[in-house]
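The primary structure of each chain is shown beneath.
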Amino acid sequence: MDCCGFILECPKAALISGCDPNSTYDHCKCFEENAKSNLGPIVEKFVCLSLEEDDSVTFCVRDKEISFVRNKIASLSSPFKAMLYGGFVESKRKTIDFSHDGVSVEGLRAVEVYTRTSRVDLFCPGIVLELLSFANRFCCEEMKSACDAHLASLVGDIEDALILIDYGLEERATLLVASCLQVLLRELPSSLYNPKVMKIFCSSEATERLANVGHASFLLYYFLSQVAMEKDRVSNTTVMLLERLGECSTERWQRMLALHQLGCVMFEREEYKDACYYFEAAADAGHIYSLAGLARAKYKVGQQYSAYKLINSIISEHKPTGWMYQERSLYNLGREKIVDLNYASELDPTLSFPYKYRAVAKMEEGQIRAAISEIDRIIVFKLSVDCLELRAWLFIAADDYESALRDTLALLALESNYMMFHGRVSGDHLVKLLNHHVRSWSPADCWIKLYDRWSSVDDIGSLAVINQMLINDPGKSFLRFRQSLLLLRLNCQKAAMRCLRLARNHSSSEHERLVYEGWILYDTGHREEALSRAEKSISIERTFEAFFLKAYILADTNLDPESSTYVIQLLEEALRCPSDGLRKGQALNNLGSIYVECGKLDQAENCYINALDIKHTRAHQGLARVYYLKNELKAAYDEMTKLLEKAQYSASAFEKRSEYSDREMAKNDLNMATQLDPLRTYPYRYRAAVLMDDQKEVEAVEELSKAIAFKPDLQMLHLRAAFYESIGDLTSAIRDSQAALCLDPNHMETLDLYNRARDQASHQQK
């Protein structure tokens, strides 16, 4: 529970009620506390302090006496004040028996010290716990708060948390419980399967006990249930957490979500009657998606027609979307099944099941290459382990063991413990089997293959080669780092972060570790801290990666001329440091981009040409931009064509080439970009704008609506809102503006459009 010095990651700052989003990156006010002092020396230290004999009172615990200053103990709480100065007999006595009030002699001595010092950090944890109980029993709120805060600061690991959380729950110590929860949450997912932790979160009285200290919330249990489902969807822990999630639901949408997820878990557990119950309850509450779950559960218990009828009713009562036709295909046969799946892909090309089904169907017909081409259609823009696994099996069927090995290695980079063939074969074991059918790769072979895949813009192939290199030498942190860069390029953020953390953990030197920490901080939004790590790494050793990181961070802003010059100097310094051609090609490419921003086109051109000389193929794109800015349109178009010759499946290259051609050729390139990667939004916006220019307003809105149905992008929502405003459909303009503002509440253009549309609508109503 070390504090890094900033509020966002400070354990103590996290215990303070409330949150100011603007202060999360500010420095916290941590200070060292001496938490392990014991009672003996403290009592001796204060024994010399004189008591006011005339105003003293003695409390007895069996045969031991402890003297107090009457007004000081009376000031602890209203009950003590009433007892010592009110109409009770104790107000007249000099000695009061405390033997039957559940406090020890040591505890009572600690109370006496507290009355004179207002400190609890002088005592051992056991005594502070006794003070907490004493404070609760006699309503000593200030003492309770002090004990609560001090005990919260002592929670350092999961053992401490498991011991202290029961005391916190029993005594309703909010900060102590929060501190214990903080430790337990930081140890997820492993802590979730500790029996003691399960009892804290999963038992039938768990939510009530946590609610008593203000920590039973829908968000807490939603988070815990998501972690549990990701770890093991069918475990009893997952079920119990989802049941607690339902108990914490205070709004209708929360209850719908909890019921739906319980239905999903019961379905996975093959408890179909229970699944039907939960799906039906969620659907009755208004959760339309639960009807699809209900249909699947009914199908599993033999009610096929009922399932088909249910999905048909969804299609007829709501605007059709891809998932509806995908669901209906499950209950169709033959040609009708294929028709539904094709329409599902047309409405939502991001759904993976239709591609997988069509690939398997072609495989069963003996069309192996056609099956591979079908699954390629989704892998090229949406990488997932299940699609890679299917393609690996298809390559095995085609006796293409090298390609099967590539896909299996890439799959293991995404999920290292993946079990293939319905959980029967580990990915590592399949790699061993496939290695018997391909020539083994030496370290030199791996580097040659990596350069070849990199220059071909084959990110999956590059990922596979690096994973093979890691199998041969798992301790190489720089390989983990390269793997993380490729995974980011493939939009696999979670796997990329895992690799980056492994790179940090396996780093062999301080300066290398600082670089990887810098990337982790940068990728999680901590720009200033990342910059600090880069500078510290440079101060230890001047390396390519440290200079590159610092330049990359500084370049990620609107650079003024002075800042641009500094970034150029950093990249030039990086290029002087030892590194391989792959990284130097990237540095030259980045340097060319900075030169372009500064208007230094000749220097940019030299950078891109030098990058191409060392096989950095993506530099074609930068060079094309230089030619375009020099008004050499044909040269720019030709340069992008060279890139497409090497990266024929690059949607971004087709999209970029469209900027250097006439409208008809641009339209063809953008259509190809959409075909290769339907998630890219620029082609839809371009086509919609062209239709709007041609005064085809309805078609323009439909073009945007096609993409928004499966990717509600900010820019597309804003553009459609603007189209609606221009044709006088203010209700739709306001709706789309509101949706866009949900994605970015501070988007000024959308805010202006939203306010303008509302004003116009209010004037029309008047």
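Owing to the predicted nature of the structure, the values given are computational and were not obtained by experimental measurement. Sequence order sets the numbering: in each chain, residues are counted from 1 along the sequence as written. The predicted nature of this model means local features are confined to residues of pLDDT at least 70 and side-chain atom pairs, given and counted, to a pLDDT of 80 or more, with totals for whole chains, interfaces and linings taken over all residues. Calculation of side-chain values draws on the structure's entire complement of heavy atoms; hydrogens and water are dropped beforehand.

Draft legend 1. Just the overall build of the protein chain, in detail. Each helix is a run of H or I in the DSSP string that is no shorter than four residues. Each strand is a run of E no shorter than two, and both are numbered from the N terminus. The helix and strand tally for the protein chain stands at 43 helices and four strands. Considering only C-alpha atoms, the protein chain reaches an extent of 105 × 75 × 70 Å along its principal axes. When each of the 766 residues of the protein chain is scored for burial, the buried share is 49%. Relative to all contacts within the protein chain whose residues are 6 or more apart in sequence, the contacts with residues 24 or more apart total 52%. A total accessible area of about 38600 Å² is found for the protein chain, and carbon and sulfur atoms account for 50% of it. His residues and chain termini do not enter the charge count, which takes Lys and Arg as positive and Asp and Glu as negative. Think of each charge as sitting on NZ of Lys, CZ of Arg, CG of Asp or CD of Glu. In the protein chain, which carries 90 positive and 109 negative side-chain charges, the distance between the mean positions of the two groups comes to 2 Å. Working definition: with a 1.4 Å probe on protein chains only, accessible area under 20% of the residue-type maximum means buried, over 50% means exposed, and in between means partly exposed. Contact definition: two residues touch when any of their heavy atoms are within 4.5 Å. All accessible-area figures derive from a Shrake-Rupley calculation using a 1.4 Å probe, and residue coverage is judged against the displayed protein chains alone.

Draft legend 2. Structural view of the UniProt feature "repeat: TPR" (unreviewed entry) in the protein chain. Here, the residues flagged by UniProt with the feature "repeat: TPR" (unreviewed entry) are residues 585-618. The distance separating the terminal C-alpha atoms of residues 585-618 is 9 Å; by composition the span is 76% helix and 0% strand. UniProt positions are given in the numbering used here, feature names are shortened, and annotations may be inferred rather than shown by experiment.

Draft legend 3. Broad picture of the pattern of salt bridges. The term salt bridge refers to a side-chain nitrogen of Lys or Arg lying within 4 Å of a carboxyl oxygen of Asp or Glu. Counted by the stated rule, this structure contains 48 salt bridges. A salt bridge links Glu243 to Arg244, with the nearest nitrogen and oxygen atoms 3.8 Å apart. What makes Glu243 partly exposed here is its relative accessible area of 30%. Residue Arg687 is joined to Glu703 by a salt bridge in which the shortest nitrogen-to-oxygen separation is 2.9 Å. Taken as a pair, Arg687 in helix H39 (residues 682-693) and Glu703 in helix H40 (residues 697-708) lie far apart in primary sequence, 16 residues in all. Assessed through its relative accessible area of 11%, Arg687 is described here as buried.

Draft legend 4. View of the nonpolar core. We define a nonpolar core as any set of buried Ala, Val, Leu, Ile, Met, Phe, Trp, Tyr and Cys residues linked to one another through side-chain atoms lying within 4.5 Å. Within the largest apolar cluster, 101 residues are counted, with the highest numbers of intra-cluster contacts made by Phe98, Phe134, Met143, Phe201 and Tyr221. When sequence neighbours within four positions are dropped, the list of residues in contact with Met143 reads Leu76, Val111, Tyr114, Leu131, Phe134 and Ala135. In this structure, Phe548, Ala624, Val626 and Ala651 belong to the second largest nonpolar core, which totals 57 residues.

Draft legend 5. Here's a closer look at the side chain of Ser477. Structurally, Ser477 can be placed in helix H27 (residues 477-489). According to the relative accessible area criterion, Ser477 is buried, its value standing at 4%. Contact partners of Ser477, with chain neighbours within four places excluded, come to Ala503, His506, Ser507, Glu512 and Tyr516.

Draft legend 6. Spatial organisation of unusual backbone geometry. Residue Pro189 is reached from Leu188 by a cis peptide bond, and omega for that bond is 0 degrees. Of note, Pro189 is situated in the loop between helix H8 (174-186) and helix H9 (195-202). Residues other than glycine seldom take positive phi values, yet Asp399 does so here, at roughly 60 degrees. Here Asp399 shows up in the loop between helix H21 (385-397) and helix H22 (401-414). Note on Asp399: relative accessible area 54%, which makes it exposed.

Draft legend 7. Main features of the packing of aromatic side chains. Here the aromatic set is Phe, Tyr and Trp, taking the six-membered ring for Trp, and pairing holds for ring centres within 6.5 Å; pairs whose planes are under 30 degrees apart are stacked, those over 60 apart are edge-to-face, and all others are tilted. The final tally for this structure, using the stated rule, is 21 aromatic pairs. Here Phe218 and Tyr222 contribute two aromatic rings whose centre-to-centre distance is 6.0 Å and whose plane-to-plane angle is 10 degrees, an arrangement assigned as stacked. A residue pair is termed a helical-turn pair when its members lie 3 or 4 positions apart in one helix, as Phe218 and Tyr222 do in helix H11 (residues 218-231) at four residues. Since its relative accessible area comes to 6%, Phe218 is described here as buried. Accessibility expressed as a relative area gives 29% for Tyr222, which makes it partly exposed. For the ring pair Phe353 and Tyr357, a centre distance of 6.1 Å and an interplane angle of 45 degrees mean the geometry is tilted. Placement of the pair is Phe353 and Tyr357 together in helix H19 (residues 352-364), with a separation of four residues, close to one helical turn. By relative accessible area, which is 28% here, Tyr357 ends up partly exposed. One aromatic cluster in this structure is built from Phe481, Tyr516, Trp519, Tyr522, Phe544, Phe548 and Tyr552. Seen from the ring of Phe548, Arg583 lies directly overhead, with NZ or CZ sitting 4.6 Å from the centre. Only lysine NZ and arginine CZ atoms are considered, and such an atom sits over a ring when it is within 6 Å of the ring centre and within 35 degrees of the ring normal.

Draft legend 8. Representation of the side chain of Thr115. Note that Thr115 resides in helix H4 (residues 105-117). As used in this structure description, the phrase polar contact means that two N or O atoms lie within 3.5 Å; if the pair is within protein, one of them must be able to donate a hydrogen and the other to accept it, and residues adjacent in sequence are counted only when both atoms belong to side chains. One polar contact links the side chain of Thr115 to the main-chain carbonyl oxygen of Glu112, over a distance of 2.5 Å. Ignoring any residue separated from it by four or fewer positions in sequence, one finds Thr115 in contact with Phe68, Lys72, Ile73 and Leu76.

Draft legend 9. Region of interest: the sheet that holds strand E1 (residues 56-61). Spatially, the three strands line up as an open sheet ordered E2-E1-E3, and their pairing is mixed. On the outer flanks of this sheet lie strand E2 (64-69) and strand E3 (95-97), each paired with one strand and no other. Across this sheet, the average inter-strand angle for adjacent strands is 30 degrees, counted without regard to direction. Where E1 meets E3, three bridges bridge the pair, whose relative direction is parallel. In the strand pairing of E3, Thr58 is matched with Thr95. Here an angle of 0 to 180 degrees is reported between the N-to-C directions of two axes, which are lines fitted to C-alpha atoms, with helices fitted over the stretch in contact. Seen against the sheet, H4 touches E1 and E2 and runs at an angle of roughly 15 degrees to E2. In this scheme, strands are said to pair when DSSP sees at least two bridges between them.

Draft legend 10. Expanded view of the pairing of E1. Across the six residues that make up E1, a large majority, six, are buried. Burial along E1 is two-sided: the residues Ser56, Thr58 and Cys60 and Val57, Phe59 and Val61 are all buried. Where E1 and E2 come together, six bridges link them in antiparallel fashion. In the strand pairing of E2, Ser56 is matched with Val69. Hairpin connection of E1 to E2: two residues between the antiparallel strands, including Arg62 at a positive phi of 55 degrees.

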